[in-house]
Each structure stands twice: as structure tokens, then as C-alpha cells.
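Structural overview for review
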There are 2 protein chains.
Amino acid sequence: MPTESEPDAARRMPLVPEPTLSRLPIYLTYLKLARKDGKKYVSSTMMAKEMGVDPTQVTKDLSHTNIVGKTRVGYEVDSLIGELEGFLRFNTMDYGYLFGAGSLGTALLLDHGLAQFGFSIRAAFDVNPDKIGLNIGGTTIYHLDDFQKVKRPDVRIGILTVPVDQAQRVADVMIAGGLMAIWNFTSVRIRVPEGVVVQNTSLYAHLAVIFNRLQASSTK
Amino acid sequence: MPTESEPDAARRMPLVPEPTLSRLPIYLTYLKLARKDGKKYVSSTMMAKEMGVDPTQVTKDLSHTNIVGKTRVGYEVDSLIGELEGFLRFNTMDYGYLFGAGSLGTALLLDHGLAQFGFSIRAAFDVNPDKIGLNIGGTTIYHLDDFQKVKRPDVRIGILTVPVDQAQRVADVMIAGGLMAIWNFTSVRIRVPEGVVVQNTSLYAHLAVIFNRLQASSTK
């Protein structure tokens, strides 16, 4: 009996809890290594053990993706990889713009790892006249004032790597230009209108954690 | 009356909760911008408002550092900056080694932002013969086999940016060589002996969060 097609797109892309979203790429990496080792099936117990998490956590995380394992056999590695890549949107290419081609910005332009996860930087923007027109790792640097002119409607993500005293101002420019998500690498908490996605990635915050853990363990 | 010096170093460097440690650099950045704007004092209310957190959260976070504000006046900006930098160990230089001078590793070698937060990469290691002996951003790349020979006892932090199928093996080499903290940029959950600090920084996990949030909001 033919079934009607599912018109409810929202059901297919629910808001997944951040801790789960952070673990799914870890599972994906584990599965790819398992496939390389010739494994056809993996159980949630095996995955949990390898990754130091609880087996029920693995089952619960994967339940968000509508993937189901088979009793006693577990998950089929090949199809689980495909499902996870699709669910995480790592197998379709998304595009973004970079704002601030300084030290960290240039670093991100040179990191080709992002492309493997379905992300590519289409253009970069800066205000330093020495940088305008340069091509770094295949990406052209434009003046920030030309953002509206250069911007394409299919690009919704902006990476923010400007100096801290410019962070809010440039974020405002990004939003005024129609970007819907800001990947904020600065240590400034930027303010955005409702509906705009902000993901903070602070390398320096992680450094603070490492320093504290090292100090705490050596003074025990 | 003279007091005895405090021999209990552990009390001066307690294990601070990770969310607090992640927020302190954000406060620090805010304070530096406030100083630039000529502000002498800030209140926890003002800081909280600027950063979109609860005022009691700010007070609670800062209480870990032994910094106390004055009633009605608030915190003195200059001394709070100094205290925070000291507490976060951003004003003393710590050194680390980098393992894997690929795309992301090279990016980190070129990011001079880390030095501002008290971290400097002393040497890098790789196995690619084309890379051994190169100097990237002032850092020399050695063969991984020479790690024990090159290693200095004052360096305790290692950055892991190798391909995923090498992550555990290289982590084992780092630990065998005496490193006490691994800053893991790979999407592999590495296993380490008790006492070794691991900080996972997965850019791709953050990308997964952005993709999901964008999809979820556009299919609402």
C-alpha cells in the first residue's frame, strides 16, 4: 500500500540537544575507523566501551536520528555512517563567509578539514587595505564594506574572527546582510536578534581549563 | 602580627568547574574593553547585562578567584583584570608541543593569538618526511621518533592534531614521553591513564550544532 509523502519537514530535523550533537561526530569517527578495520556491525555496548560513555547514552543519542539497531546484531556500520552523515548534514556542502582575516581567520582559511564535514568558506572580509584582494587558501579577501555586494543568498553562516573591540559591530553587519548563523571565535558575548544562531568556540576558554586542571593536579 | 606563609598550594589553585572557567575569559575580555572605554569600576549587574548572564552567576564565578567587589562601587577594573589574568594563568607563559603538522596543526602554529593567553608552541612533530625540518610560524617540525630527544621537562602540554587513525597511538607516545595534558582537536575519544588531563576541542562538533540549529529554525 503506497503511503503519502511526509510533508512535515520539522519532524525530520528536530532541535537536538547540544551534548548529543557534540557526541554524534565522535560516533561517526569511531564508525569510520571500525569500517577501515573491516567491521560490518557494531553494538551500542562496543561503541560505548570504546568511547568511555554509558551504553544507554549511545542508544539514546542515536535514537534522535531514527536509526535503529537489530537485536543481537547491533548497527550495520555502513548504513549507520550514511545515516549519521546525512543527519549531521556533513554530506551536503554548506557555505559560509569569514570576517576577520587575521591570525586565527587565516588559520581557518587554510584548514581544509572543514570541507570534509560539509563546510566551505566562500569569501573573507577584512578592513586592512594590505589584505583586500589577497587570496588565502583559495578564498578571496574583500573589504567589509563590500559584503552586501558580494553576498549570495544561499550563504547563511558567518565566521567571526575579528579583534574583540570590533566583534559586536561586525556581528551587526553580518546580521544586517542577512546571515542567520554566527560562528563566534572571539571571546566576546555578542548580542543578536532572536532567531539568529550563535555558536561560541573559544580556544582560550579551553586553554583556561587545561591550565587549571594541570595546576590543580600538580598541587594535590 | 606577621602570619606564617601559606604552604597549602592546593588551596590557592582549586579545581574550578568547567563552565566557570569557560566564562572567566569572557569576563576578562569584557573588562579589557571597558578599560579601553575609560571605565574604572564595573558592577556585577553591569557585567551580567552585557554578557546576557544572571548577576548572581557573575558573583558566583568571580568568588572562585577570591576577588571581592566593594558594595555600591563594584569591582575595580584594573585590579580585576590583573587578578583574572593571574588566576587563569594567562600572564605566565606555558609551553606545549604540537603533534601533527597537517592542515589544522599548521593553522594553530600560525595563530599568534594563543601567545596573548600565555601559551606558546615550542616544537611540532610529524611523520611526513616532506615536513620534517620545516619551520612554520617560528616553530620547527621534528620527526615524531625524535620526541624523547627533543622534549624538555618544563613542557607538559601536547596538542593533538593528527589524522583520526593515528590519534590514540600518538596520544600514547605523548604520555610515554611525560606530557601531562592533551589538548585533543581530533574527533576521537582518546584513552589516557588517570591523572592525565584531556581537553577535547572539536570544531566539527560545533559545526554539527550550527547545521542543526539552522535546519531546525528554517523548518519550524
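Residues numbered from 1 in each chain as written. Chains lettered and ligands numbered in written order. Predicted model: local features only at pLDDT ≥ 70, side-chain atom pairs only at ≥ 80, totals over all residues. Heavy atoms only, no water.

**Thoughts on the domain arrangement of chain A**
- Assigned domains of chain A: these are domain 1 (3-87) and domain 2 (94-205).
- The distance between the C-alpha centroids of domain 1 of chain A and domain 2 of chain A comes to 31 Å. (Domains from an automatic or database assignment.)

**Some thoughts on the pattern of salt bridges**
- One pass over the full model with this rule turns up 18 salt bridges over all chains.
- The partner of A:Asp154 in a salt bridge is A:Arg152, and the shortest N-O contact between them spans 3.6 Å.
- Take A:Arg152: its relative accessible area is 42%, and that puts it in the partly exposed class.
- Here B:Arg122 and B:Asp154 are joined by a salt bridge, their closest N and O atoms 3.4 Å apart. With a gap of 32 residues between them, B:Arg122 in strand E4 (residues 119-126) and B:Asp154 in the loop between helix H8 (147-150) and strand E7 (157-160) connect regions that are remote in the sequence.
- One continuous salt-bridge network, built from bridges that share partners, spans A:Arg122, A:Arg152 and A:Asp154. (Salt bridge = Lys/Arg side-chain N within 4 Å of Asp/Glu carboxyl O. Buried < 20%, exposed > 50% of the residue type's maximum accessible area, 1.4 Å probe, protein only. Helix = DSSP H or I, 4+ residues; strand = E, 2+ residues; numbered from the N terminus.)

**Regarding the relation of the copies chain A and chain B**
- Once turned by 180 degrees and shifted 0.0 Å along the axis, chain A lies on chain B with an RMSD of 0.0 Å. In short, the pair behaves as if placed about a two-fold rotation axis. Residue A:Ala107 of chain A places its C-alpha closer to the rotation axis than any other residue of that unit, at 2.1 Å.
- When the interface residues of chain A are mapped onto chain B, 100% of them again lie at the interface, so the same face is used by both copies. (Least-squares fit on C-alpha atoms with pLDDT ≥ 70 in both. Contact = heavy atoms within 4.5 Å.)

**Topic: unusual backbone geometry**
- Located in the positive-phi region is A:Arg89, a residue other than glycine, with phi close to 65 degrees.
- Turning to its location among the elements, A:Arg89 is positioned in the loop between helix H5 (77-88) and strand E3 (94-99).

**Considering the pairing of strand E3 (residues 94-99) of chain B**
Residue and element names in this part refer to chain B.
- In terms of residue burial, E3 counts as a mostly covered element, since five of its six residues are buried.
- Sheet analysis places E3 next to E4, joined by six bridges and oriented parallel. By the bridge assignment for E4, glycine 96 is matched with isoleucine 121.
- Pairing of E3 with E7, which is carried by four bridges, proceeds in the parallel orientation. (Pairing = 2+ DSSP bridges.)

**A closer look at the confidence of the model for chain A**
Residues and elements named next belong to chain A.
- Residues at a pLDDT of 70 or more form 93% of chain A, whose mean pLDDT is 88.
- Low pLDDT, under 50, characterises residues 1-12; the stretch is placed with five contacts to residues that sit more than four places away or in other chains.
- For this predicted complex, the interface score ipTM comes out at 0.85, while the overall pTM is 0.86. (pLDDT = per-residue confidence, 0-100.)

**Some thoughts on the sheet that holds E4(B)**
- The sheet built from seven strands is open, its strands ordered E5-E6-E4-E3-E7-E8-E9 (chain B) with mixed pairing. Every interior strand has two partners, whereas the edge strands, strand E5 (135-136) and strand E9 (197-200) of chain B, have only one.

**Topic: the interface of chain A and chain B**
- At the junction of the two partners, chain A supplies 65 residues and chain B supplies 65 residues.
- Buried surface at the junction of chain A and chain B, summed over both partners, amounts to about 6400 Å²; 69% is from carbon and sulfur atoms.
- Scanning the region where chain A abuts chain B turns up four salt bridges.
- The interface formed by chain A and chain B contains 16 residue pairs in polar contact (both at pLDDT 80 or more).
- Counting only elements with at least two residues in the side of chain A that touches chain B, the list comes to helix H1 (9-12), helix H2 (18-36), helix H3 (44-51), helix H6 (103-110), helix H7 (113-116), strand E8 (181-184), strand E9 (197-200) and helix H10 (203-218) of chain A.
- Here the element with the most residues in the side of chain A that touches chain B is H10(A); it accounts for 15 residues. (Buried area = accessible area lost by both parts, 1.4 Å probe. Polar contact = N/O pair within 3.5 Å; in protein donor to acceptor, adjacent residues only side chain to side chain.)

**A look at the packing of aromatic side chains**
- Summed over all chains, the structure comprises 24 aromatic pairs over all chains.
- Ring geometry for A:Phe125 versus A:Phe147: centroids 5.2 Å apart, planes at 75 degrees, classification edge-to-face. Linking A:Phe125 in strand E4 (residues 119-126) with A:Phe147 in helix H8 (residues 147-150), this pair joins segments that are 22 residues apart in sequence. Like A:Phe125, the residue A:Phe147 is buried in the burial classification.
- Each ring, one from B:Phe119 and one from B:Trp183, has its centre 6.2 Å from the other, and the planes form 70 degrees; the classification is edge-to-face. With a gap of 64 residues between them, B:Phe119 in strand E4 and B:Trp183 in strand E8 (residues 181-184) connect regions that are remote in the sequence. The same class applies to B:Phe119 as to B:Trp183, namely buried. (Phe/Tyr/Trp six-rings, centres within 6.5 Å; stacked < 30°, edge-to-face > 60°.)

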